[in-house]
Amino acid sequence: MASTQTLSHIYPLGSRVNELGHLELGGCDAIELAERFGTPAYIVAEDDLRARARAFIAAFEAAGQADFEVVFASKAFPATAVMRLFAEEGLGCDVASAGELHLALRGGFSPRKLVLHGNARDDGEFQLALDAGVGLIAVDGFDDIDRLERLVAGRRERQAVLLRVTPGVRGETHEKISTGQADSKFGVSVAQAPAAIARLQSIDGLELRGLHMHIGSNLFSTEPFRVAIAAIAGLGDFPVYDIGGGLGVAYAAEQEPLAIEDFVAEVVGGVHELLGAGKRLMIEPGRALVAGGGVTLYRVISVKDNVSRWVAVDGGMSDNLRPMLYGARYEADVADRPGGSTRVQLAGKHCESGDVIIKDVLLDDPRVGDVVVVPVTGAYGHAMANNYNGVPRPPVIFAKDGEAHVVIRRETLDDLHARDV
Ligand SMILES: Cc1ncc(COP(=O)(O)O)c(C=O)c1O
């Protein structure tokens, strides 16, 4: 049986193996959580999320950046409870659709703390943002400019905007989450940016505050940020620069992403060097704020030996699409026997051979009825959950100091036809 010492850093802050030998998350025994709330379930260690938010803020202060805003990229975990938590911590919020905008307002964010993103927003989404009074709209191209020009005509207040520039930089990450390359669906190219800037500056109802970029997600180096900042530095002198999100996280114990403090210090250093120290600097972490605070609990439904040992659980690609989308790698433990050396294929319950949560994972001889814990599922898990095979989506449970409560209930079978007409 593993001891507290062997629990890897990929588990949420404060996790441990308790006296019973069970994994404990947010002070709550994982076996008890599974019994009380059912499986699959997303468990979120509230203190972990708060600690990461505070680490970002402290890192900017330590780096000598007086004027900054940490903006939670809500696409990573669009739940009102998560938004409320980050609003309480003083963060801003990146929303990329009318739906995320609606959730962020419901989650308690002041509209002024919102940044509206997206590469294909229709009139309705822009109108909603304008009516709500969002702080910033990131303009993604010339069609956005046409649309906004029309929508802001005659309004009394000018709408503050940023121009999203694709800096022509490819970070080292999966191609499906790389966004800063020259041939990207996001933003305008560095070559076209001067024309977009001139047009934005000519529209009375808009106030161009600065530039935005987002290179990609799950990055382990600040080098592409430096190159990208250098690429946009020649486009003018603006009061605001938003450098997007993208800080990577460890999904496996041997991975070592940059610590939040180091990442922020290096980026701020680059910004001071290339743009000067007096700018308002915005950053939009999603994954780095929420991935590590969340785990998913599953129950083992079947174990069979077909060449490999196939351990099938009661969830899969409906609650975590990342293995299917990006070949994303996870680790796992049996909740009451962490560690182990039985090599298994941890499979989901869905009717696709590709629905394998983890290939070749070492577990302690999993058996039917065991609870399996998969850490680092806080980002883009709930966010991309779906009803494939008519599987209801799992609940989100917040855990803190030994207390747990539901913040999003489990979907019911009736929810599956609630929209039928
Ligand atoms: C504009 C923008 N900002 C921030 C993020 C968050 O990225 P991450 O979760 O990697 O921090 C994304 C992710 O797609 C994005 O598109």
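For the structure, check the block above.
So, here is what we can say about the structure in this document.

Criteria and thresholds
- Residues numbered from 1 in each chain as written.
- Predicted model: local features only at pLDDT ≥ 70, side-chain atom pairs only at ≥ 80, totals over all residues.
- Helix = DSSP H or I, 4+ residues; strand = E, 2+ residues; numbered from the N terminus.
- Buried ≥ 20, exposed ≤ 12 C-beta atoms within 10 Å, placed from the backbone.
- Pairing = 2+ DSSP bridges.
- Right-handed = clockwise from strand over helix to strand, strands pointing away.
- Arc of directions from axis to C-beta.
- Axes fitted to C-alpha atoms, helices over the stretch in contact; angles between N-to-C directions.
- Parallel < 35°, antiparallel > 145°, perpendicular 65-115°, else oblique.
- Left-handed = near helix turned anticlockwise from the far one by under 90°.
- Contact = placed C-beta atoms within 7 Å.
- Nonpolar A, V, L, I, M, F, W, Y, C, P; charged D, E, K, R; others polar.
- Core = buried A, V, L, I, M, F, W, Y, C linked by C-beta atoms within 7 Å.
- Domains from an automatic or database assignment.
- Near = placed C-beta within 6 Å.

## A few points about the environment of Arg 287
Turning to its location among the elements, Arg 287 is positioned in helix 10 (residues 287-290). C-beta crowding within 10 Å serves as the criterion here: with 25 such atoms nearby, Arg 287 is assigned to the buried category. A C-alpha to C-alpha distance of 22 Å links Arg 287 and Tyr 298, two positions 11 residues apart in sequence.

## Focus on the pairing of strand 11 (residues 206-212)
With six of seven residues buried, strand 11 lies mostly within the body of the structure. As paired elements, strand 11 and strand 12 (residues 240-242) share three bridges and run parallel to each other. Across the sheet, residue Gly 210 finds its bridge partner in strand 12, namely Val 240. Between the parallel elements strand 11 and strand 12, the chain passes through helix 8 (residues 223-233) in a crossover that is right-handed.

## Notes on helix 1 (residues 30-37)
Every buried residue of helix 1 is listed here: Ala 30, Ile 31, Leu 33, Ala 34 and Phe 37. Taken down its axis, helix 1 places every buried residue within 160° of arc, on the same side. Gly 38 occupies a position one or two residues after helix 1 and carries a positive phi of about 80°.

## Describing the packing of helix 2 (residues 46-62) against helix 3 (residues 80-88)
The description of two packed helices rests on the angle between their axes and on the distance between the axes. Two elements in contact, helix 2 and helix 3, have axes separated by 10 Å at closest approach and are oriented at 40°. Comparing the axis directions of helix 2 and helix 3 gives the class oblique. Classified by chirality, the crossing of helix 3 by helix 2 is right-handed. On helix 3, the residues that touch Glu 46, Leu 49, Arg 50 and Ala 53 of helix 2 are Val 82, Leu 85 and Phe 86. The residue inventory of the contact of helix 2 with helix 3, partitioned by class, reads five nonpolar, no polar and two charged.

## A short note on the sheet that holds strand 2 (residues 23-25)
Sheets are built from strands paired through backbone hydrogen bonds, the pairs being either parallel or antiparallel. Judged by pairing direction, the sheet is antiparallel, and its three strands sit side by side in the order 1-2-3 without closing on themselves. The open sheet has two edge strands with one neighbour each: strand 1 (16-17) and strand 3 (28-29).

## Comments concerning the nonpolar core
Within the largest apolar cluster, 120 residues are counted, with the highest numbers of intra-cluster contacts made by Leu 346, Val 372 and Ile 397. Take this core: its biggest share by element is six residues, from helix 9 (residues 260-275). For this core, the two domains that each supply at least three residues are domain 1 (4-38 + 293-417) and domain 2 (47-290).

## Details of the site of the ligand
Close to the ligand lie 17 residues, the nearest being Ala 73, Ser 217, Gly 245, Gly 286 and Arg 287. Residue composition of the shell around the ligand, grouped by class: five nonpolar, eight polar and four charged.

## What about the packing of helix 2 against helix 9?
Taken N-terminus to C-terminus, the directions of helix 2 and helix 9 make an angle of 35°; their axes are 9 Å apart at the nearest point. Relative to helix 9, helix 2 is oriented so that their crossing is right-handed. Across the interface between the two elements, Arg 52, Ala 55, Phe 56, Ala 59, Phe 60 and Ala 62 of helix 2 pack against Ile 260, Glu 261, Val 264, Ala 265 and Val 268 of helix 9. For the contact of helix 2 with helix 9, a count of residues per class yields nine nonpolar, no polar and two charged.

## Re unusual backbone geometry
That bond from Thr 39 to Pro 40 is cis: its omega, -10°, falls within 30 degrees of zero. The backbone of Asn 218 shows a phi angle near 60°, a positive value even though the residue is not glycine. By the element assignment, Asn 218 lies in the loop between strand 11 and helix 8. Taking the C-beta count within 10 Å as the criterion, Asn 218 has 24 such neighbours and is therefore assigned buried. Located in the positive-phi region is Val 307, a residue other than glycine, with phi close to 65°. Note that Val 307 resides in the loop between strand 14 (294-306) and strand 15 (308-313).

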